[in-house]
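Inside the fold
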Amino acid sequence: MLTVTNLIKKYGKQNAVDDISFQLEGGEVVGLLGPNGAGKSTTMKCIVGLLRKTSGEVTIGGYDHLSVEAKRFFSYIPETPYVYDLLTVKEHMQFIAQAYGVTEWQVKAKELLELFELDDKQNKLGRDLSKGMRQKVSICCALLPDPQLLFFDEPMIGLDPKAIKNTKQVFKQLKEAGKTILVSTHLIDSVELIADRVMILKDGRIIGNDTIFNLKQQALQGQGSSLEDLFLEMTKDE
Ligand SMILES: Nc1ncnc2c1ncn2[C@@H]1O[C@H](COP(=O)(O)OP(=O)(O)OP(=O)(O)O)[C@@H](O)[C@H]1O
């Protein structure tokens, strides 16, 4: 579903993403973990085409990631939610539905807005929404076209506990529906239960890419421990 080959992104002389390669098979849920500045957001932005990669190749569903065909496959939920100031919450849903040709979108939009407790905010303008509400609108817009592949960059930041719980539930449902997900997060427990695999990024490089079980075996010599301990062990400075 997603193939990243020798991806490099430089900011000036710094390699923020330093020659990484990985694949996501259809239906896989993969957690992208790493300390602040590891290159998680830069990697995602290069994949979805918001940042110009320095070099490397990215294909989505077999198509070059910048093609319209590739864009039909995925939704991206950015770290900082972007909403249109002068569209209401409902108009955001309508706009996405029309852009992606979603038929009978009202029913799905209603379900999503109810799930994220936005149903009473339908007529509020984007500019009048709180940060958490913007994040919820961003998630609802991403889910409306029912894409095969979803990129979530720190989806829980700014959400209240109820919305975090709902988002975890949505992840579970998406996984059950066979969707492919790449999710970057610092909230390790939010991926521990659903991730088939995690990739650990440090200084722009992938330093671990395996099932949580296998990574624990390698890093902790089989000592029973949490994913959080594993993360801290793998990313500690020598
Ligand atoms: N626009 C930019 N210009 C220059 N350097 C940048 C820019 N954006 C990010 N960087 C640098 O690239 C590196 C990777 O940043 P990135 O935001 O991808 O990390 P991250 O893993 O998403 O971090 P966090 O967990 O803090 O969100 C960091 O060293 C950062 O300072």
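Residues numbered from 1 in each chain as written. Predicted model: local features only at pLDDT ≥ 70, side-chain atom pairs only at ≥ 80, totals over all residues.

Bringing the overall build of the protein chain into the picture now. Looking only at helices and strands, one finds nine helices and ten strands in the protein chain. Here the protein chain has a C-alpha radius of gyration of 18 Å; the compact-globule value for 238 residues is 18 Å, and the two agree. C-alpha atoms of the protein chain, sized along the principal axes, occupy 55 × 40 × 30 Å. Here the analysis covers contacts within the protein chain between residues at least 6 apart in sequence; of these, 69% occur between residues at least 24 apart. (Helix = DSSP H or I, 4+ residues; strand = E, 2+ residues; numbered from the N terminus. Rg over C-alpha atoms; globule rule 2.2 N^0.38 Å. Contact = placed C-beta atoms within 7 Å.)

Counting 59 residues, the largest nonpolar core has Val30, Cys140, Phe151, Ile181 and Val198 as its most contacted members. Examining the composition of this core, we find that seven residues originate from one element, helix H5 (residues 131–143), more than from any other. There are two domains that each give this core at least three residues, and those are domain 1 (2–73 + 147–235) and domain 2 (83–146). Not counting the four nearest positions on each side in its chain, phenylalanine 151 is found in contact with Met44, Ile47, Val48, Phe74, Tyr76, Ile77 and Leu182. (Core = buried A, V, L, I, M, F, W, Y, C linked by C-beta atoms within 7 Å. Buried ≥ 20, exposed ≤ 12 C-beta atoms within 10 Å, placed from the backbone. Domains from an automatic or database assignment.)

The next point concerns the site of the ligand. Residues in close proximity to the ligand include Tyr11, Ala16, Gly34, Asn36, Gly37, Ala38, Gly39, Lys40, Ser41 and Thr42, which together make up its full environment. No other element matches helix H1 (residues 40–48), which puts three residues into the shell around the ligand. A breakdown of the residues in the shell around the ligand according to their chemical character gives three nonpolar, six polar and one charged. (Near = placed C-beta within 6 Å. Nonpolar A, V, L, I, M, F, W, Y, C, P; charged D, E, K, R; others polar.)

On to the confidence of the model for the protein chain, then. Detailed reading of predicted coordinates is not advised where the pLDDT is low. In this model, the protein chain carries a mean pLDDT of 91, and residues with pLDDT of at least 70 account for 97%. Element-level pLDDT for the protein chain is lowest in helix H8 (residues 212–220), with a mean of 76, against a maximum mean of 98 in strand S1 (residues 2–11). Per the prediction output, this complex has pTM 0.91; the corresponding ipTM is 0.97. (pLDDT = per-residue confidence, 0-100.)

Attention now goes to the environment of leucine 159. For leucine 159, the location among the structural elements is in the loop between strand S7 (149–153) and helix H6 (161–176). Considered as a pair, leucine 159 and leucine 33 are 126 residues apart in the sequence and their alpha carbons are 19 Å apart. Those residues within four positions of leucine 159 in sequence are excluded, and the remaining contacts are Gly132, Gln135, Ile164 and Thr167.

Time to look at the sheet that holds S1. Taken in spatial order, the four strands line up as S2-S1-S4-S5 in an open sheet, and their pairing is antiparallel. Looking at which strands have only one partner, the edges of the open sheet turn out to be strand S2 (14–24) and strand S5 (63–64). In this structure, S1 lies alongside strand S4 (residues 55–60), joined through five bridges in antiparallel fashion. Within S4, the position partnered with isoleucine 8 by the bridge is serine 55. In the packing of H1 onto the sheet, contacts are made with S1, S2 and S4, and the angle to S2 comes to roughly 65°. (Pairing = 2+ DSSP bridges. Axes fitted to C-alpha atoms, helices over the stretch in contact; angles between N-to-C directions.)

The next thing to look at is the pairing of S2. In this sheet, S2 lies alongside S1 in antiparallel orientation, the contact comprising eight bridges. Paired with valine 4 across the strands is phenylalanine 22, a residue of S2.

As a further point, take the packing of helix H3 (residues 89–100) against H5. How two helices sit against one another is set out by the angle between their axes and by the gap between those axes. As a packed pair, H3 and H5 sit with axes 9 Å apart at the nearest point and diverge in direction by 25°. Classified by the angle between their axes, H3 and H5 sit roughly parallel to one another. Classified by chirality, the crossing of H5 by H3 is right-handed. Two secondary-structure elements touch here, H3 through Val89, His92, Met93 and Ile96 and H5 through Val137, Cys140 and Cys141. A per-class count over the contact of H3 with H5 returns six nonpolar, one polar and no charged. (Parallel < 35°, antiparallel > 145°, perpendicular 65-115°, else oblique. Left-handed = near helix turned anticlockwise from the far one by under 90°.)

The next point concerns the pairing of strand S9 (residues 197–202). With four bridges connecting them, strand S3 (residues 29–33) and S9 associate as parallel partners. If you follow leucine 32 over to S9, its bridge partner there is methionine 199. Of the pairings in the sheet, the one linking S9 to strand S10 (residues 205–210) comprises five bridges and is antiparallel in character. If you follow valine 198 over to S10, its bridge partner there is aspartate 210. Following S9, the chain reverses through two residues before pairing antiparallel with S10; aspartate 203 in that reversal takes a positive phi of roughly 50°.

Below, the discussion takes up the environment of valine 89. Relative to the helices and strands, valine 89 is located in helix H3. Residues valine 89 and leucine 125, spaced 36 residues apart in sequence, show a C-alpha to C-alpha distance of 6.4 Å.

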